[in-house]
Amino acid sequence: MVKKLWGGRFTKEADPLVEKFSRSIQYDHKLAKYDIFGSIAHVQVLKKAGYLKPSEAGRLTRALGAIFAAVNRGEFKYDHKAEDIHTDIQNKLQGVVGDLALKLHTARSRNDQVVFAVKSYCKTELAKLIARIDVLGDALSKLAIDNKKLVLPGFTHMQHAQPVYAKDYLNAYVHMLTRDAGRLAAISDSMKLTMGAGALAGTPVAFGAYDLAMNGVKIGAPANSLDSVSDRDFVIEILSALSIAGMHLSRLAEDFVIWSTKEFDFIEIDEAFCTGSSLMPQKKNADSLELIRGRTGQLYGNLVNVLTVMKGLPLTYNRDMQCDKEPLFSSIETVLTELEILTGLVRTLKFNKTKIEEHLEDESLYATDLVYYLVGKSVPFKTAHTIVGKLIRYSIENDLEIKSMAPAELEKFSSKFDREEILKLFNPRVSVEAKRSIKRK
Ligand code: ARG
């Protein structure tokens, strides 16, 4: 029998199925380090408050430190029969220091302990996510710099719109990632590590005793103990920010999938990021990108999952809240992996410049430049738009390139058209450089 933290009141063992159903150790063992960190802090609090003698505090801290070191070395083996990681660590501590471990739970409850552990876990993981977002951003920026002169057809509604710089396209994703990192950093800053809520009503320890700084991390008593044990806003905020980040990564993945098709052929994706087909020998599928797209469903699902768990829960702690962890861990791990895969893919991605140039020969991409040309010759914008619209239609219906039309033919549409001048407009670089509203570095 694994010792419970609450056995005293009970005369009966829990139903084995209920016991199994209630367990969270199979996933919350990830919180081991953070739970121990919280316990070490709690020992400090109990010492300050006079519940532990300095020698007792010393023994507990050393024993907790040894378990922490075992976790760090990957040698910690959790007891899969323990109810949760908090129970398991308490039991392991008792195995080392004996009954002294029973004093550790003075003035605390798992309701408070779990919030502390999850928040400190989140702070660490958010820092990792932000770092990986930065690395992907750097890879995209480098790809942008390496291809700084490259122009691509730009799309709206998936139709040829206007030429754009590849660097602007790639940097658009850098902007998204910067917002993602900003959101995660703001969430991390707003998560305050607190202790002293007890089960819900606070503890007999004076709030000042909770003011600690451990490894540069500030800890304090909560402003409201009822809110503190029942608040999972931070989990929902993280899942929301990761849903947005996942949506951005999915859009990048989709752009790359489209660009890698035979129809577009803008890019070559390194084979390391592709898989073949068991039936069609020619296939090189960008499955990793498709999975990044596909996993977005899981990220959104995790957000809706926790929103639903929390909906209508009365104050304060309810066991429902234990269900926040699997979706939280799942979203964090998914986005961390996606960022790493995309970084590798971006670092090895090659643009097919010849193919892109062929696409850029489509005259419709320069239609707007023709409009601006007429506007420059004092034709009202709307009139110019109609003139060029008619010209494009004429060119399509007669299967004629505008570039190949004689001056007289062009003048039928507008006397302002000068063939020599117009020919210069069908140029990707001229087109992108004519857009002066964008501040270029
Ligand atoms: N494993 C639990 C959780 O994650 C810890 C809190 C249990 N508290 C309780 N009163 N049963 O929420």
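Residues numbered from 1 in each chain as written. Predicted model: local features only at pLDDT ≥ 70, side-chain atom pairs only at ≥ 80, totals over all residues. Heavy atoms only, no water.

Chemist: Can you help me understand the site of the ligand in this one?
Modeler: In the vicinity of the ligand, the residues found are Ser 24, Asp 28, Asp 84, Arg 110, Asn 111, Val 114, Tyr 317, Arg 319, Gln 322 and Lys 325. Interatomic distance of 3.3 Å between a side-chain N/O atom of Ser 24 and a nitrogen atom of the ligand. Contact distances for the ligand include 2.6 Å between an oxygen atom and a side-chain N or O atom of Lys 325. Burial of the ligand by the protein amounts to 86% of the accessible area it has alone, namely 340 Å². Take the shell around the ligand: its biggest share by element is three residues, from helix α6 (residues 110-146). Grouping the amino acids of the shell around the ligand by side-chain chemistry returns two nonpolar, three polar and five charged. (Near = heavy atom within 4 Å. Polar contact = N/O pair within 3.5 Å; in protein donor to acceptor, adjacent residues only side chain to side chain. Areas by Shrake-Rupley, 256 points an atom, 1.4 Å probe, with all protein chains shown as cover. Helix = DSSP H or I, 4+ residues; strand = E, 2+ residues; numbered from the N terminus. Nonpolar A, V, L, I, M, F, W, Y, C, P; charged D, E, K, R; others polar.)

Chemist: Looking at this model, I keep getting lost on empty space enclosed by the protein. Mind explaining?
Modeler: One simple way to see leftover space: roll a probe sized like a water molecule over the atoms. According to the stated counting rule, one finds two cavities of 30 Å³ or more in the structure shown. By volume, the largest cavity amounts to about 80 Å³. Lining the largest cavity are Gly 38, His 42, Ala 107, Arg 108, Asp 112, Gln 113, Phe 116, Met 195, Gly 196 and Tyr 210. Those elements that provide at least two residues to the lining of the largest cavity are α3 (32-48) and α6. With three residues, α6 is the single largest residue contributor to the lining of the largest cavity. A per-class count over the lining of the largest cavity returns four nonpolar, four polar and two charged. (1 Å grid on protein atoms, 1.4 Å probe; cavity = no way out; pocket = protein on both sides within 12 Å on 5 of 7 lines; lining within 4 Å. Points joined across faces, edges and corners; volume = space filled by probe spheres on them.)

Chemist: Got a minute to help me understand the nonpolar core in this structure?
Modeler: Soluble globular proteins tend to pack their nonpolar side chains together in the buried interior. Counting 132 residues, the largest nonpolar core has Trp 259 and Phe 351 as its most contacted members. The element contributing the most residues to this core is α6, with 16 residues. Leave out the neighbours within four places in its chain, and Phe 351 touches Leu 143, Asn 147, Leu 150, Leu 152, Ala 166, Leu 170, Trp 259, Phe 266, Ile 267 and Ile 356. (Core = buried A, V, L, I, M, F, W, Y, C linked by side-chain atoms within 4.5 Å. Buried < 20%, exposed > 50% of the residue type's maximum accessible area, 1.4 Å probe, protein only. Contact = heavy atoms within 4.5 Å.)

Chemist: Even after reading the chapter, I still don't get the packing of aromatic side chains, so can you show me in this structure?
Modeler: Aromatic ring pairs are defined here through the distance separating the ring centres and the angle between the ring planes. Following the criterion strictly, the structure yields 13 aromatic pairs and no others. With 4.8 Å between their ring centres and 65° between their planes, Tyr 169 and Trp 259 make a pair best called edge-to-face. In this pair, Tyr 169 sits in helix α7 (residues 166-190) while Trp 259 sits in helix α9 (residues 233-259), placing the two residues 90 residues apart along the sequence. There is no split in this pair, since Tyr 169 and Trp 259 are both buried. (Phe/Tyr/Trp six-rings, centres within 6.5 Å; stacked < 30°, edge-to-face > 60°.)

Chemist: Is there a simple way to explain the pairing of strand β1 (residues 151-156) in this structure?
Modeler: Two elements, β1 and strand β2 (residues 159-165), share five bridges in a ladder whose sense is antiparallel. Directly across from Val 151, in β2, lies its bridge partner Tyr 165. (Pairing = 2+ DSSP bridges.)

Chemist: What is the right way to look at the pattern of salt bridges in this model?
Modeler: Note that side chains of opposite charge can pair when their charged atoms are close. Counting across every chain of the model gives 20 salt bridges. The residue Lys 435 makes a salt bridge to Asp 369 at a minimum N-O spacing of 3.2 Å. Remark: Asp 369 occurs in helix α14 (residues 367-376) and Lys 435 occurs in the segment after α18 (428-433); sequence separation between them is 66 residues. The salt bridge involving Arg 393 is made with Glu 397; its shortest N-O contact spans 3.1 Å. Highlighted residues: Arg 393 and Glu 397, both in helix α15 (residues 381-397), separated by four residues, approximately one helical turn. Given a relative accessible area of 55%, Arg 393 falls into the exposed group. Among the ionic contacts, a cluster of salt bridges with common partners joins Glu 83, Asp 84, Arg 110 and Arg 319. (Salt bridge = Lys/Arg side-chain N within 4 Å of Asp/Glu carboxyl O.)

Chemist: Sorry, what's going on with unusual backbone geometry here?
Modeler: Glycine aside, residues mostly have negative phi, and peptide bonds are mostly found in the trans state. The linkage connecting Leu 315 with the following residue, Thr 316, adopts the cis geometry, with an omega of 5°. Tracing the sequence through the fold places Thr 316 in the loop between α11 (296-310) and α12 (325-347). Residues other than glycine seldom take positive phi values, yet His 157 does so here, at roughly 55°. One can find His 157 in the loop between β1 and β2. What makes His 157 exposed here is its relative accessible area of 74%. Phi at Asp 265 is positive, roughly 55°, even though this residue is not glycine. Mapped onto the secondary structure, Asp 265 falls in the loop between α9 and β6 (267-268).

Chemist: Explain the side chain of Arg 232 to me, please; I cannot follow it from the model alone.
Modeler: Relative to the elements of secondary structure, Arg 232 occurs in the loop between α8 (225-230) and α9. Residue classification places Arg 232 among the buried positions, given a relative accessible area of 3%. In this structure the side chain of Arg 232 is engaged in a polar contact, spanning 3.4 Å, whose partner is the backbone oxygen of Val 229. The residues contacting Arg 232, other than those within four sequence positions of it, are Val 114, Val 115, Met 310, Tyr 317, Met 321 and Asp 324.

Chemist: Would you mind showing me how to read a nonpolar patch on the surface here?
Modeler: On the surface, Leu 200, Leu 226 and Leu 315 cluster together into a nonpolar patch covering about 270 Å² of accessible area. Examined against the element boundaries, Leu 200 turns out to sit in the loop between β3 (193-194) and β4 (212-214). (Patch = residues over 30% accessible without salt bridge, like charges linked within 9 Å, V, L, I, M, F, W, Y side chains within 5 Å.)

Chemist: Teacher, can you tell me more about α9 here?
Modeler: Helical periodicity: at 3.6 residues per turn, an α-helix aligns residues three or four positions apart in one direction. Spanning 27 residues, α9 covers 39 Å between terminal C-alpha atoms, matching the ideal 39 Å at 1.5 Å per step. Most of α9 sits out of view: 20 of its 27 residues are buried. (Expected span 1.5 Å × (residues − 1).)

Chemist: What's the story with the sheet that holds β4 in this structure? I'm lost.
Modeler: Sheet strands pair via backbone hydrogen bonds, and the direction of the pair is either parallel or antiparallel. If you trace the three strands from one edge of the open sheet to the other, you get β3-β5-β4, paired in mixed fashion. Looking at strand neighbours, the two that pair on one side only are β3 and β4, the edges of this open sheet. Bridging between β4 and strand β5 (residues 217-220) involves three bridges; their strand directions are antiparallel. Residue pairing in the sheet places Leu 212 in a bridge with Ile 219 of β5.

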